[in-house]
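# Coordinate inspection notes
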Amino acid sequence: MKRITITALVAMATMVAMPAVAAEKKALAFVVNAASDFWKLAEAGVKAAQTELPDFELQFRYPTQGTAALQNALMDDLVAAGTDAIMISSADPKNSVDAFNRIAAQVPLFTTDSDAPQSKRIAYLGSSNTQAGIQAGEIAVKALPKGGKCMGFVGFLGADNARERIDGFRQAVKGKSIELVDVRGDDVDFARARSNVDDVLAANPDITCMVGFYSYNPPKIYEALKAAGKLGNITVIAFDEDPITLGAVRQGQFAGTVVQDPYQWGYQGMKLMAAYLEGDKSKVPADGLIIVPTKVIDKANVDAFEKQLKARMGG
């Protein structure tokens, strides 16, 4: 009886200790700027990192809406719940500096996709949005040798990623008789993204080129052009790898798309934060910028690129 009792006590002690061990796992969170299929690749990258970081609990979080206020409230909730480090794609960096600094005073804060360089974030891991914009402009220069008038479409006009892409595009087309007449924002409202294109088609018949600067903009351009019977008549330059976008590139209906690598943002971002929490700060460069290269996808390489995407998504 005594041996059984001791064994039982040991088992009970082990059971009591198990939740405590689990609770000791440090929590890392990846917070996005809005609900969009674009982020599925980043989520896959986070899941891949989880298999290599068994001593950490990784979370992938969407705000209920794509606003800075709700993003910042979500970060407050994460910190209150004991999250140890956060990586975020800011919906409105310029107006979130105070909130970011409040979070950064409590836990290590990193940015991705859209940086907030004026804040006390530790590092930015993501694309060079200026370079991505230049690549988009180079697609336009190649597709419009005689020049043209372009209209741009984007989610958050005030976000650094939008502004830098637009500036990069304009830099690349300067002196090439290509004009980016205007850029219409939609605040990640998909219905508005579509109506923006419809409005341009009705009011600006001189537009010969359209640029979708956020992942969902090119599919909305596709829908509007198809409905208007103008698909293939207006040159379209896209960003990111929505299936509709890749299909249009394959069919020659879009001139090309500039793709980022959100899978690596998720994967490398989690590994970066885990290393930082363990005391390894060597992966943070002096300038705080960790750039994941962007790539131009056209008819020549779209099939190989899509094959890679499916492999990363487990398909």
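Below: a short report on this structure. (Residues numbered from 1 in each chain as written. Predicted model: local features only at pLDDT ≥ 70, side-chain atom pairs only at ≥ 80, totals over all residues. Heavy atoms only, no water.)

## Remarks on the state of the cysteines
Here, disulfide denotes a covalent bond that connects the sulfur atoms of two cysteines. Throughout the structure, instances matching the rule amount to 1 disulfide. The side chain of Cys150 participates in a disulfide bridge whose partner is Cys209; the two sulfur atoms lie 2.3 Å from each other. Around the S-S axis, the bridge from Cys150 to Cys209 shows a dihedral of about 95° and counts as right-handed. Placement of the pair is Cys150 in strand E6 (residues 148–154) and Cys209 in strand E8 (residues 209–212), with a sequence separation of 59 residues. We note that Cys150, like Cys209, is buried. (Disulfide = S-S within 2.5 Å. Helix = DSSP H or I, 4+ residues; strand = E, 2+ residues; numbered from the N terminus. Buried < 20%, exposed > 50% of the residue type's maximum accessible area, 1.4 Å probe, protein only.)

## Some remarks on the side chain of Ser215
Position of Ser215 among the secondary structure elements: in the loop between E8 and helix H8 (217–227). The residues touching Ser215, leaving out its near neighbours within four places in the chain, are Ser36, Phe38, Phe239, Asp240 and Asp242. (Contact = heavy atoms within 4.5 Å.)

## Focus on unusual backbone geometry
Unusually for a residue other than glycine, Asp187 sits at a positive phi of about 55°. Looking at the secondary structure, you find Asp187 in the loop between strand E7 (178–185) and helix H7 (190–203). Under the relative-accessibility criterion, Asp187 is labelled partly exposed at 47%. One non-glycine residue, Val188, lies in the positive phi region at around 55°. Tracing the backbone through its elements, the reader meets Val188 in the loop between E7 and H7. Judged by its relative accessible area of 18%, Val188 is buried.

## Some details on the sheet that holds E6
Ordered by their spatial adjacency, 6 strands build an open sheet running E7-E6-E8-E9-E10-E12, and the pairing between neighbours is mixed. Either end of the sheet is taken by a strand with one partner, and the two such strands are E7 and strand E12 (295–297). The average angle at which neighbouring strand axes cross in this sheet is 20°, direction not considered. With 3 bridges joining them, strand E10 (residues 256–259) and E12 adopt antiparallel strand pairing. Within the sheet, the bridge partner assigned to Val259 lies in E12 and is Lys295. Helix-sheet contacts for helix H6 (residues 160–173) involve E6, E7, E8 and strand E9 (235–239), and the interaxial angle to E7 is about 165°. Lying on the sheet, helix H9 (residues 243–250) is in contact with E9, E10 and E12; it crosses E10 at an angle near 140°. (Pairing = 2+ DSSP bridges. Axes fitted to C-alpha atoms, helices over the stretch in contact; angles between N-to-C directions.)

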